[in-house]
Amino acid sequence: MSKSLLEKFQVAPGSQVRLSEIAGNDQSAFPELDKKSSAKVLEGVVEELRALQRIFYAVHSRKILVVIQAMDAGGKDGTVRHVFSHMDAHGIHITSFKKPTEEELDHDFLWRIHKHAPKNGHIAVFNRSHYEDIIAVRVKKLFPDEVWQRRYQHVIDFERMLAEEGTIILKLFLHISKDEQRDRLAARLTRPDKLWKFEPDDLKDRARWDDFQRAYEDLIGQTSKPHAPWFIIPADRKWYRNLVIAHLLKETLEGMNLEYPQPHFDPSKIRID
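Residues numbered from 1 in each chain as written. Predicted model: local features only at pLDDT ≥ 70, side-chain atom pairs only at ≥ 80, totals over all residues. Heavy atoms only, no water.

**Quick look at the side chain of Arg 112**
Here's step 1: Following the sequence through the fold, Arg 112 ends up in helix H5 (residues 111-114).
Here's step 2: A polar side-chain atom of Arg 112 sits 2.8 Å from the main-chain carbonyl oxygen of Lys 98.
Here's step 3: Here Arg 112 is in contact with Phe 97, Lys 98, Lys 99, Pro 100, Glu 104 and Asp 133, once residues within four sequence places are set aside. (Helix = DSSP H or I, 4+ residues; strand = E, 2+ residues; numbered from the N terminus. Polar contact = N/O pair within 3.5 Å; in protein donor to acceptor, adjacent residues only side chain to side chain. Contact = heavy atoms within 4.5 Å.)

What follows is the structure, given as structure tokens:
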């Protein structure tokens, strides 16, 4: 793994994204691993993440926002469960954004998002995000086209503001193939522990697969910026997805050259009776 994963998976600003040219089952970053052998590796990376997170929390000067987007059954919940849920709960906050409530619809579309942005020393994870208010509005034609079109600039400006205030932003698109989505949706119908996640409307969205793919291509290309880059993660193999994302976050934290803050007193002079 000679090339940084941050470089390997990052979408350059202004890129013309073609999801059909990216294999959902790619595992080129870890060709020597498989599902079984990756488990121990992931465990070690997550342990390193926890150690880095503790220093990040103690330094308390920056924040990290991780945005996760995907097609239905793309693995958003699984990513949260296998990567982020193992981190120190004191410094991480996970928000799952559902269909807007009546109160949320009474405000601008970023109102419900901004209040969940991370504070110093914290990592915020958005399971779905403000990008649903572009993708869903566009594909399902919930509002006129000019609504979702102008929202591109709104989110670019919003994320620039967060970045200028000290937030590091990582936006992850979990890229699965249409065949893999079919298999995952079918599995939900046969497993009691997954059936609760199945919604008949998922099939309506699946019928719009090409429309969603084009919408994501446009969105990722237009909103991947130096201050808030997108990363396209091949996600057909769940173990690979988890390992790549854990490494991306690890690289991000390591790049900050974190050290525990020095005390404002001399510890050698402290006596505790």
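Having seen the structure, we can now continue with the description.
**Describing the packing of aromatic side chains**
Here's step 1: Scanning all chains against the criterion turns up 6 aromatic pairs.
Here's step 2: Pairing Phe 30 with Tyr 240 gives two aromatic rings, centres 6.1 Å apart and planes at 75°, and the pair type is edge-to-face. Remark: Tyr 240 occurs in helix H12 (residues 238-254) and Phe 30 occurs in the loop between helix H1 (5-9) and helix H2 (35-59); sequence separation between them is 210 residues.
Here's step 3: Residue Phe 30 is classed as buried on the basis of its relative accessible area, which comes to 5%.
Here's step 4: With 5.0 Å between their ring centres and 85° between their planes, Phe 97 and Phe 126 make a pair best called edge-to-face. Of this pair, Phe 97 sits in the loop between strand E2 (92-96) and helix H4 (102-105) while Phe 126 is found in strand E3 (residues 123-127), placing the two residues 29 residues apart along the sequence.
Here's step 5: Overall, the relative accessible area of 6% leaves Phe 97 in the buried class. (Phe/Tyr/Trp six-rings, centres within 6.5 Å; stacked < 30°, edge-to-face > 60°. Buried < 20%, exposed > 50% of the residue type's maximum accessible area, 1.4 Å probe, protein only.)

**Some thoughts on the packing of helix H7 (residues 145-164) against helix H11 (residues 209-223)**
Between two packed helices, what matters for the description is the angle formed by their axes and the separation of those axes.
Here's step 1: Where H7 contacts H11, the two axes come as close as 10 Å, and the packing angle between them is 40°. Accordingly, the angle class assigned to the pair H7 and H11 is oblique. Where H7 crosses over H11, the two elements pack in a sense that is right-handed. Contacts between H7 and H11 involve Tyr 152, Val 155, Ile 156 and Glu 159 from the former and Asp 218, Leu 219, Gln 222 and Thr 223 from the latter.
Here's step 2: Across the contact of H7 with H11, the residue classes break down as 4 nonpolar, 2 polar and 2 charged. (Axes fitted to C-alpha atoms, helices over the stretch in contact; angles between N-to-C directions. Parallel < 35°, antiparallel > 145°, perpendicular 65-115°, else oblique. Left-handed = near helix turned anticlockwise from the far one by under 90°. Nonpolar A, V, L, I, M, F, W, Y, C, P; charged D, E, K, R; others polar.)

**Re the sheet that holds strand E5 (residues 230-234)**
Here's step 1: If you walk across this open sheet you meet the 5 strands as E2-E3-E1-E4-E5, and the pairing is parallel. Both edges of this open sheet fall to E2 and E5, since each of them pairs with a single strand only. Pairwise comparison of adjacent strand axes, ignoring direction, gives a mean angle of 20° for this sheet.
Here's step 2: Here helix H3 (residues 76-84) sits on the sheet in contact with strand E1 (63-70), E2, E3 and strand E4 (167-175), set at roughly 145° to E1. (Pairing = 2+ DSSP bridges.)

**A few points about unusual backbone geometry**
Here's step 1: Positive phi, close to 60°, is recorded for His 60, a residue that is not glycine.
Here's step 2: By the element assignment, His 60 lies in the loop between H2 and E1.
Here's step 3: Overall, His 60 belongs to the partly exposed group, its relative accessible area being 41%.
Here's step 4: Of note, the phi angle at Asn 257 is positive, near 50°, even though the residue is not glycine.
Here's step 5: Along the chain, Asn 257 falls in the segment after H12.

**Describing the nonpolar core**
Here's step 1: Counting 42 residues, the largest nonpolar core has Phe 30, Phe 84, Leu 172 and Ile 233 as the members making the most contacts within it.
Here's step 2: Of all the elements in the fold, those that place two or more residues in this core are H1, H2, E1, H3, E3, E4, E5 and H12.
Here's step 3: The dominant element in this core, judged by the number of residues it contributes, is H12, at 9 residues.
Here's step 4: Core analysis: the second largest hydrophobic core is formed by 33 residues, Ile 134, Phe 158, Ile 220 and Ile 232 among them. (Core = buried A, V, L, I, M, F, W, Y, C linked by side-chain atoms within 4.5 Å.)

**Re H12**
Here's step 1: If you check H12, its first and last C-alpha atoms are 24 Å apart, about what 17 residues at 1.5 Å a residue would give, namely 24 Å.
Here's step 2: When you tally the buried positions in H12, you get 15 out of 17 residues, the bulk of the element. (Expected span 1.5 Å × (residues − 1).)

**Some points on H2**
Here's step 1: The terminal C-alpha atoms of H2, which comprises 25 residues, lie 35 Å apart, in line with the 36 Å expected from a rise of 1.5 Å per residue.
Here's step 2: Residues of H2 that are buried: Ser 38, Leu 42, Val 45, Val 46, Leu 49, Leu 52, Gln 53, Ile 55 and Phe 56.
Here's step 3: On the buried face of H2, the contacting elements are E1, H3, E2, E3 and H12.
Here's step 4: Positive backbone phi, approximately 60°, marks His 60, located one or two places after H2.

**Re the side chain of His 175**
Here's step 1: Its location among the elements puts His 175 in strand E4.
Here's step 2: Judged by relative accessible area, His 175 falls into the buried class, the value being 4%.
Here's step 3: Other than its neighbours up to four places away in sequence, His 175 contacts Leu 19, Ile 22, Ala 23, Gly 24, Gln 213, Ile 232, Ile 233, Pro 234, Ala 235 and Asp 236.

**Observations concerning a nonpolar patch on the surface**
Here's step 1: Residues Phe 265, Ile 270 and Ile 272 make up a contiguous nonpolar surface patch of about 350 Å² in total accessible area.
Here's step 2: Assignment of secondary structure puts Ile 270 in the segment after H12.
Here's step 3: A residue is classified by how much of its surface remains accessible, and Ile 270, at 46% relative accessible area, is partly exposed. (Patch = residues over 30% accessible without salt bridge, like charges linked within 9 Å, V, L, I, M, F, W, Y side chains within 5 Å. Areas by Shrake-Rupley, 256 points an atom, 1.4 Å probe, with all protein chains shown as cover. Salt bridge = Lys/Arg side-chain N within 4 Å of Asp/Glu carboxyl O.)

Fair warning: the whole summary comes from geometry, so function is off the table for now.
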